[in-house]
Amino acid sequence: MSKQGCKGCSASVHLSVEDIYEVIKGAEANLQEDLVEEDVYRMRLEICQKCPELLYNTTCKYSGYIVYVLARDKKASCQHPGQQMW
Ligand code: SF4
């Protein structure tokens, strides 16, 4: 498997489960009262996981956000232009 890097730097765009977990925990600590309920979070993630615009199983093509973090934010919405899916 070739190692695909960010166009802007040499960092890998692929995140390990441990990296994702750390990013989510950091975001949750910052969001606090702006966290969505667990059922909403799961519903959002199910939509993102079926979306053809999800890159590397982690990242929204349109926003560049890690969807596991984006979906946790009460104020966030799907970033698809013209076809918001959640
Ligand atoms: S936020 Fe919207 S466009 Fe982005 S991956 Fe999720 S469903 Fe797809």
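Higher on the page you've got the structure.
Structural notes, computed from the coordinates. (Residues numbered from 1 in each chain as written. Predicted model: local features only at pLDDT ≥ 70, side-chain atom pairs only at ≥ 80, totals over all residues.)

### Here we look at the overall build of the chain
Here is step 1 of the chain: When its secondary structure is counted, the chain shows three helices and two strands.
Here is step 2 of the chain: Going through the 86 residues of the chain one by one, you find that 10% of them count as buried. (Helix = DSSP H or I, 4+ residues; strand = E, 2+ residues; numbered from the N terminus. Buried ≥ 20, exposed ≤ 12 C-beta atoms within 10 Å, placed from the backbone.)

### Notes on helix α1 (residues 17-31)
Here is step 1 of the chain: Over its 15 residues, α1 extends 21 Å from the first C-alpha to the last, a length consistent with the 21 Å expected when each residue adds 1.5 Å.
Here is step 2 of the chain: Judged by how many residues are buried, α1 sits mostly at the surface: zero of 15 residues are covered.
Here is step 3 of the chain: Just downstream of α1 lies Gln32, where phi reads positive at about 45°. (Expected span 1.5 Å × (residues − 1).)

### Description of the nonpolar core
Here is step 1 of the chain: Formed by Cys48, Val67, Tyr68, Leu70 and Ala71, the largest nonpolar core amounts to five residues.
Here is step 2 of the chain: The leading source of residues in this core is helix α3 (residues 67-70), at three residues.
Here is step 3 of the chain: The residues contacting Cys48, other than those within four sequence positions of it, are Leu54, Val67 and Ala71. (Core = buried A, V, L, I, M, F, W, Y, C linked by C-beta atoms within 7 Å. Contact = placed C-beta atoms within 7 Å.)

### Thoughts on the site of the ligand
Here is step 1 of the chain: Taken together, Ile47, Cys48, Cys51, Glu53, Leu54, Cys60, Tyr62, Val67, Cys78, Gln79, His80 and Met85 form the complete shell of residues around the ligand.
Here is step 2 of the chain: Split by residue class, the shell around the ligand holds nine nonpolar, two polar and one charged. (Near = placed C-beta within 6 Å. Nonpolar A, V, L, I, M, F, W, Y, C, P; charged D, E, K, R; others polar.)

### Some points on the environment of Gln84
Here is step 1 of the chain: With respect to the helices and strands, the residue Gln84 is situated in the segment after α3.
Here is step 2 of the chain: Those residues in contact with Gln84 that sit more than four places away from it in its chain are Ser77 and Cys78.

### Notes on unusual backbone geometry
Here is step 1 of the chain: In the Ramachandran plot, Gln32 falls in the positive-phi region, its phi being about 45° despite a non-glycine side chain.
Here is step 2 of the chain: Checked against the element boundaries, Gln32 lands in the loop between α1 and α2 (38-50).
Here is step 3 of the chain: The phi dihedral of Tyr56 is positive, around 60°, even though this residue is not glycine.
Here is step 4 of the chain: Along the chain, Tyr56 falls in the loop between β1 (54-55) and β2 (59-60).

### Points about the environment of Val40
Here is step 1 of the chain: Along the chain, the position of Val40 falls in helix α2.
Here is step 2 of the chain: Sequence spacing of Val40 and Lys74 is 34 residues, and the spatial spacing of their C-alpha atoms is 9.3 Å.

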